[in-house]
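Chain by chain, the residues run as shown.
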Amino acid sequence: MTETIIITDPDTDRYHTFGYISWWQQEVVRQATILVVGAGALGNEVIKNLALMGIGNLLIADFDTIEDSNLSRSVLFRTTDRGRRKAEVAAAAVKELNPDVNVKAWHGDINYEMGLGVFRHVDAVIGCLDNREARLSLNRFSWATGRPWVDGAIQELMGIVRVFWPGQGACYECTLTDQDYQLISLRYSCPLLARENILQGKVPTTPTSASIVAAFQTQEALKLIHGLEVQPGKALMINGLTNDVYTTEYPVKEECLSHSRLEPIEELPGATATGATLCDLLNLARERLGPESVLEFDSEMVVAMRCPECGRETPVFKRMARLYESEFACPACGGRREMRLTHRLTGDEEYLDLSLADFDVPPLAIIRARNGRERLYLELTGDKEIFLRFK
Ligand SMILES: [Zn+2]
Ligand SMILES: [Zn+2]
């Protein structure tokens, strides 16, 4: 088989030199959609690389704002950006670097606020994270939807790059040691405090470590979209002090909690988080699985806060993990309120007319419908057009 190499005019084609790479297909790069989670030190470098290569669609997710200490490792940020949202500043910088790239910024917490369906509609996910909790979330979402993800980690002059591909080799959770779990549960033992601590994760590192690891991460993502071979479940370990570089393979843990896939998924092109009510979705579930069906949510939902002091109860409709400590104080008497929780809808609820969005369900969410042992996962696919609209 002969490969056709198309050589373009270097004066007018910014991707001219890529045309000399035997396997490079600019059209494949142009058609690809990549989700980058984290716009810190690693994220800046990954995003910069993807922009230079002319990636088609880039979704940048981050919950943080820029402070001066970020400037030493973030090529996309300027001193004038202090206080602005990282995802938005990074997205604007991409447009300046390469106007060909369609980009979308998403400011939010990946652990609780992004619909799982987003993962199904991107070609690859690159994790540019600095904490285990977010990696664990990304890993579970990636498994749930069958999408590969590329993890990068840096500390001082050390770096690790890993591709995780559901069903092929070890996943991120398989690599966790008992000590890792202890550190995670330490944080989870007080979830409200943990949330605030995670937001301040500080990792000692340098812009050189970030560029090295991010460069490998971008390359792995590029191989993924071209269908080139990658090595899922293996780690590339880089020691920048001794210049030792080696790979190591992790064993698959059979009892690993991350290995569950949402199956079967039904796309609902007519359903959006703001347009569909809880009742609509329950009815859809019942049409498919029978009149006994219920809807189930993976996280506990707070439906109301009740004050034992003065007896006042207020509807809330928010995922427990998204509740802040300050929301526990009773606005009437200052007493400490208790949460009324649920994680399923049976049809008896008094609030079934709420839209899914009002019930704290994000766009492109995937919701489990169940009747006994039978399950079906319903995706709010109608959100795709708006949520994944790139500019
Ligand atoms: Zn695993
Ligand atoms: Zn009260």
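The structure this text deals with has already been given above.
Residues numbered from 1 in each chain as written. Chains lettered and ligands numbered in written order. Predicted model: local features only at pLDDT ≥ 70, side-chain atom pairs only at ≥ 80, totals over all residues. Heavy atoms only, no water.

Caption draft 1: Here's a closer look at the overall build of the protein chain. Secondary structure summary: the protein chain contains 10 helices and 14 strands in total. Radius of gyration (C-alpha) of the protein chain: 22 Å, near the 21 Å computed for a compact globule of 391 residues. When its C-alpha atoms are laid out on the principal axes, the protein chain stretches across 70 × 45 × 45 Å. For the protein chain, the proportion of its 391 residues judged to be buried stands at 50%. Residue pairs in contact within the protein chain that sit at least 24 positions apart in sequence constitute 67% of those at least 6 positions apart. The average position of the 42 basic charges and that of the 55 acidic charges among the side chains of the protein chain differ by 2 Å. (Helix = DSSP H or I, 4+ residues; strand = E, 2+ residues; numbered from the N terminus. Rg over C-alpha atoms; globule rule 2.2 N^0.38 Å. Buried < 20%, exposed > 50% of the residue type's maximum accessible area, 1.4 Å probe, protein only. Contact = heavy atoms within 4.5 Å. Lys, Arg positive; Asp, Glu negative; His and termini not counted. Charge placed at Lys NZ, Arg CZ, Asp CG, Glu CD.)

Caption draft 2: Representation of the coordination of the zinc ion (ligand 1) within the structure. At this site the zinc ion (ligand 1) is bound by Cys171 (SG), Cys174 (SG), Cys256 (SG) and His259 (NE2), with donor distances of 2.0 to 2.3 Å. In this structure, the zinc ion (ligand 1) is coordinated by four donor atoms arranged in tetrahedral fashion, with angles at the metal of 101 to 120°. (Donors = N, O, S within 2.8 Å, 3.2 Å for Na, K, Ca; no water. Tetrahedral: all angles 85-135°; square planar, octahedral: opposite > 155°, others 65-115°.)

Caption draft 3: Summary view of the coordination of the zinc ion (ligand 2). All of the protein donors around the zinc ion (ligand 2) are Cys307 (SG), Cys310 (SG), Cys330 (SG) and Cys333 (SG); their distances to the metal are 2.3 Å. What the four donor atoms of the zinc ion (ligand 2) show is an angle range of 100 to 117° at the metal, which sorts the shape as tetrahedral. Written as a sequence motif, the donor residues of the zinc ion (ligand 2) are C-x2-C-x19-C-x2-C. Owing to a relative accessible area of 4%, Cys330 belongs among the buried residues under this scheme.

Caption draft 4: How the structure looks around the environment of Pro269. Along the chain, Pro269 falls in the loop between β9 (265–267) and α9 (278–289). Pro269 gets classed as exposed once you look at its relative accessible area, which sits at 68%. Placed 20 residues apart in sequence, Pro269 and Leu289 show a C-alpha to C-alpha distance of 19 Å. Contacts of Pro269, omitting those with residues within four sequence positions, involve Thr381 and Gly382.

Caption draft 5: Focus on the packing of aromatic side chains. Enumeration over the complete set of coordinates arrives at 11 aromatic pairs. Ring centres of Trp23 and Trp24 lie 5.8 Å apart, and the angle between their planes is 35°; on these two criteria the pair is classed as tilted. What makes Trp23 partly exposed here is its relative accessible area of 33%. Residue classification places Trp24 among the buried residues on the basis of a relative accessible area of 12%. Through successive ring pairs, a cluster of aromatic residues spans Tyr15, Phe18, Trp23 and Trp24. One cation-aromatic arrangement involves Lys104 over Phe387; the distance from NZ or CZ to the ring centre is 4.7 Å. (Phe/Tyr/Trp six-rings, centres within 6.5 Å; stacked < 30°, edge-to-face > 60°. Lys NZ or Arg CZ within 6 Å of the ring centre and 35° of its normal.)

Caption draft 6: Looking closely at the environment of Phe387. Mapped onto the elements of the fold, Phe387 is located in helix α10 (residues 384–387). The spatial distance from the C-alpha of Phe387 to the C-alpha of Gly115 is 9.8 Å, given a sequence separation of 272 residues. If we skip the residues at most four places from it in the chain, Phe387 touches Leu59, Lys104, Trp106, Met114, Val118, Pro363 and Leu364.

Caption draft 7: Examining the nonpolar core more closely. The biggest cluster of nonpolar side chains holds 46 residues, and the ones touching the most others in it are Ile47, Leu50, Ile55, Leu58 and Ile60. Counting 30 residues, the second-largest nonpolar core is a separate cluster that includes Leu59, Leu176, Phe387 and Leu388. (Core = buried A, V, L, I, M, F, W, Y, C linked by side-chain atoms within 4.5 Å.)

Caption draft 8: Geometry of the side chain of Asn49. Mapped onto the secondary structure, Asn49 falls in helix α2 (residues 41–53). We classify Asn49 as buried; its relative accessible area is 14%. What Asn49 contacts, discounting residues up to four positions off in sequence, is Ala214, Ala215 and Thr218.

So far we have only geometry, and geometry alone does not tell us how the molecule works.
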